[in-house]
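Here is how the chains run, residue by residue.
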Amino acid sequence: MDRGLLIISTLFFFLAMVWTTMAIKARRYRAAGFNFSAIALGFVCQTAFLSVRGHALERCPLTNLFEVFIFLAWSVSLIYLLIGPAYRLSLMGAFTAPFVFGLQVFALLAPIDVPHPRIASPSPWLEMHASVSLIAYGAFALACVAGLMYLLQERQLKSRQINSMFYHFPPLTDLFAAITRLLWLGFVLLTLGIAAGFLTGQPLPYIKIAWSFGVWMFYAAILLARHLGTTAPRRIATLCVLAFSAALTLLWGITFLSQTHSL
Amino acid sequence: MNLFCVGLSHHTANVETRERFVGHAAIDRVLRAEAGCTEAIFLTTCNRVEVYAASEQPIPTQRIAQCLLAEGMMAEDDEMGAFYRHEAQQCVQHLFRVASGLDSMVIGETEILGQAKKAYAAARESGAAGPFLHRLFQRAFRVAKQVRTRTGITRGAVSVGSVAVDLAEQIFGHFETRKVLLLGAGEASERTARALVKRGVRDIRVANRSPERAEALAALVGGRAVAIGQWESHCREVDILISSTASATPLVMRENLGPLMHDRLDRPLFIIDIAVPRDVAPDVNEMEGVFLYDIDSLQSIAQQSLALRRQQIAAGEEIIARHVDDLSGWIVSARERRLNSPGLSDPALRTSES
């Protein structure tokens, strides 16, 4: 039943993706509207899935790679729905929907939904560590999406090859402001997540500590460069894309390899 | 009831001819009392002069044309060739095309809708517009709105000034806190500066070789004149640089802009170079955070937008055709009812569109 909810959710994201592509092709893309509603409905189904799975497991549903990916997709949708309209980033939905769709399709098709041996009563700190860290990843994912949009918009402006999508993009300075806020949001959440990890009272695997600090340092360096004003916005945007791509790959690798530190 | 439109526009007449038939204060009264129109709306813009009218008896084009001339003037034969006339459904179609901007010189421009609304309001006030034209114009406004929202006919800027302002908006979003430096006080930079002021720019600085001209332009756009020799230091602060000097060699080059940009790496600089020969070296565009547009690149974007708008004409015509079909039954029935009972006012004509 829970996978059924996830399939419906994936269909909503697919619908948002197809509709946006068609609207852009027909040169009649309108901000918000259908795209936003489809993502919101997809989010409702994701939430229902996580809730059903959580009740079945009697804990936060983060016991295997499949659930980690779905939780990450849920975090991305949540942060998009919270910040997208506020920062005039409606077109971000056009980029967010394919990303979430891809994550969910991969999670559904790959043989990664393997039941993990039950841990009697996981520490609440451990649950907080995992969930807050993944929400931080959601913020970083959207910073990456905003970074991609920045790079596309900047390239059009530099090359003077303006296509019909150009005027639907948010202004460069708004995108840069959104990148900064998303980076801060993700960074603060990641810091909280890491701190919660140290309060679990359980020994932490060295590889996870190293990976967490590596990601934390990378984002700290980007924020430092951003606020010192020594790095051009285009480079900050590029770093956001690189940092998230690296972090996602590592997240997959670490979660896959780690057998001892799952919830 | 005869419904017709008589007029001339940029398609058929040059500006000298259009100027002669520009109408006068008493046009509404003349069209009804002298020409015999039952209802009339006079629409005049810089590109067209048109009369939309309803009458019991057919009225010759010459008679309407004569009403458009000032007292004592006579329409000449060669000028009459510039007039077009549309009857019944063709008149409806023409009005819908005009209101939607499909017949405009700049396709998709929206100013015409405001002008049509103004003409209609004036005719309503003077009593020249009755139920027949009321219904027709209300429908025209609805059609224009549909064409505008359902097609891309109004999308993209089509003049150099508006392209520059749109690009600036895509970089900066809002203009309230943005600073602009005009290097040179030419007419083109004045137009662009005015457009930026309209969108909310409050800080405009004008640097020109002639301080008097700088002062005059600064006063016009609500800015302040600065010494031409200090333009480089102002570049540290401004977000938009509009250059239009008469210099024979480039003023803005990588060498002098490089150190300035280093201090403001996180703030983009949008340079609009509308001077010929160019004031800004082309390789400045390769610098981090600088977006340089010269007159050719601005014109090229305007042309692209215009081409995109042209592609949308067919979609607009489809919407118009549907509305014309919808109204044609009404026009025919109104005409027949009038013919059968000329003394009675037609209830169908009183039906409101809105």
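Parameters and conventions
- Counting restarts for each chain: residues are numbered from 1 in the order of the written sequence.
- Both sets of labels track the order of writing: A upward for chains, 1 upward for ligands.
- The predicted nature of this model means local features are confined to residues of pLDDT at least 70 and side-chain atom pairs, given and counted, to a pLDDT of 80 or more, with totals for whole chains, interfaces and linings taken over all residues.
- Helix numbering and strand numbering both begin at the N terminus, where a helix is a DSSP run of H or I of at least 4 residues and a strand a DSSP run of E of at least 2.
- Any residue whose C-beta has 12 or fewer other C-beta atoms within 10 Å is treated as exposed, any with 20 or more as buried, and any in between as partly exposed, C-beta atoms being built from the backbone.
- Radius of gyration: C-alpha atoms only; globule rule: 2.2 Å multiplied by the number of residues to the exponent 0.38.
- Here contacts are defined at the residue level, using C-beta atoms placed from the backbone and a cut-off of 7 Å between them.
- Residues are grouped as follows: nonpolar covers Ala, Val, Leu, Ile, Met, Phe, Trp, Tyr, Cys and Pro; charged covers Asp, Glu, Lys and Arg; every other residue, Gly included, is treated as polar.
- Those domain boundaries reflect an automatic or database domain assignment.
- By definition, a nonpolar core groups buried Ala, Val, Leu, Ile, Met, Phe, Trp, Tyr and Cys residues that connect through C-beta atoms lying within 7 Å of each other.
- Two strands are counted as paired when DSSP detects at least two bridges linking them.
- An axis is simply a line fitted to the C-alpha atoms; with a helix, the fit covers only the stretch in contact. Between two such axes, the angle follows the N-to-C directions and lies from 0 to 180 degrees.
- A helix is expected to span 1.5 Å multiplied by its residue count minus one.
- By arc we mean the arc of the directions from the helix axis to the C-beta atoms, nothing more.
- Angles below 35 degrees are treated as roughly parallel, those above 145 as roughly antiparallel, those between 65 and 115 as roughly perpendicular, and all remaining angles as oblique.
- We call a crossing left-handed when the near helix sits turned anticlockwise from the far one by less than a right angle, and right-handed when that turn is clockwise.

### Observations concerning the overall build of chain A
- Secondary structure assignment for chain A yields eight helices and zero strands.
- Listed by position from the N terminus, the elements making up chain A come as α-α-α-α-α-α-α-α.
- For chain A, the proportion of its 263 residues judged to be buried stands at 44%.

### A word on the overall build of chain B
- Broken down by element type, chain B carries 15 helices and ten strands.
- A globule of 354 residues ought to have a C-alpha radius of gyration of about 20 Å, yet chain B, at 26 Å, is considerably larger.
- If you line up chain B on its principal axes, its C-alpha atoms span 85 × 45 × 35 Å.
- Counting only residues that meet the buried cut, chain B has 43% of its 354 residues in that class.
- The contacts of chain B with a sequence gap of at least 6 include a subset with a gap of at least 24, amounting to 70%.

### Focus: the interface of chain B and chain A
- Every contact between the two is made by 19 residues of chain B and, on the other side, 19 residues of chain A.
- Mapped onto the side of chain B that touches chain A, the elements with two or more residues apiece are α8 (160-172), β10 (290-294) and α13 (295-311) of chain B.
- Partitioning the side of chain B that touches chain A into residue classes produces eight nonpolar, eight polar and three charged.

### Here we look at the domain arrangement of chain B
- For chain B, the assigned domains are domain 1 (2-155 + 312-350) and domain 2 (160-305).
- Of note, the centres of domain 1 of chain B and domain 2 of chain B, computed from C-alpha atoms alone, are 43 Å apart.

### Regarding the nonpolar core
- In terms of nonpolar packing, the biggest core is built from 129 residues, with Ala143(A), Ala146(A), Ile179(A), Leu182(B) and Ile271(B) touching the most fellow members.
- It is helix α5 (residues 124-159) of chain A that contributes the most residues to this core, 18 residues altogether.
- In contact with Leu182(B), other than residues within four places in its own chain, are Ser189(B), Ala193(B), Ile204(B), Val206(B), Ala207(B), Leu217(B) and Ile242(B).
- Residues Leu31(B), Ile41(B), Ile59(B) and Leu95(B) belong to the second largest nonpolar core, which totals 53 residues.

### Quick word on the environment of Ala128(B)
Residues and elements named next belong to chain B.
- Summarising the element assignment, Ala 128 is placed in the loop between α6 (111-126) and α7 (131-150).
- Residue class for Ala 128 comes out buried when judged on the 23 C-beta atoms lying within 10 Å of it.
- Once the C-alpha coordinates of Ala 128 and Thr 38 are considered, the two residues, 90 residues apart in sequence, prove to be 7.8 Å apart.
- Non-local contacts of Ala 128, meaning those with residues more than four positions away in its chain, are made with Asp 28, Leu 31, Arg 32, Glu 39, Ala 40, Ile 41 and Ala 123.

### Looking at the sheet that holds strand β9 (residues 269-273) of chain B
All names here are of chain B.
- Taken in spatial order, the six strands make up an open sheet running β7-β6-β5-β8-β9-β10, and their pairing is parallel. Edge positions in the sheet fall to β7 (224-226) and β10, since each has one partner strand and no second. Mean inter-strand twist for the sheet, computed between neighbouring axes without regard to direction, equals 20 degrees.
- Pairing of strand β5 (residues 179-183) with strand β8 (residues 240-243) involves four bridges; the strand directions are parallel. By the bridge assignment, Leu 183 is partnered in β8 with Ser 243.

### Some remarks on helix α9 (residues 187-198) of chain B
All names here are of chain B.
- Taking 1.5 Å of rise per residue, the twelve residues of α9 would be expected to cover 16 Å, and the 17 Å separating its terminal C-alpha atoms lies within 8% of that figure.
- Ser 189, Thr 192, Ala 193 and Leu 196 are the residues of α9 that are buried. Considered in projection along α9, the buried side chains sweep an arc of 100 degrees and stay on one side of the axis. Exposed residues pointing more than 90 degrees away from the buried face of α9 are listed as Glu 187 and Lys 198.

### Quick word on the packing of α9(B) against helix α10 (residues 211-221) of chain B
Residue and element names in this part refer to chain B.
- Two numbers describe how α9 lies on α10: the axes approach to 10 Å, and their chain directions differ by 30 degrees. Judged by the inter-axis angle, α9 sits roughly parallel to α10. Note that α9 runs across α10; the crossing there is right-handed. The residues of α10 that touch α9, namely those facing Glu 190, Ala 193, Arg 194 and Val 197, are Leu 217, Leu 220 and Val 221.

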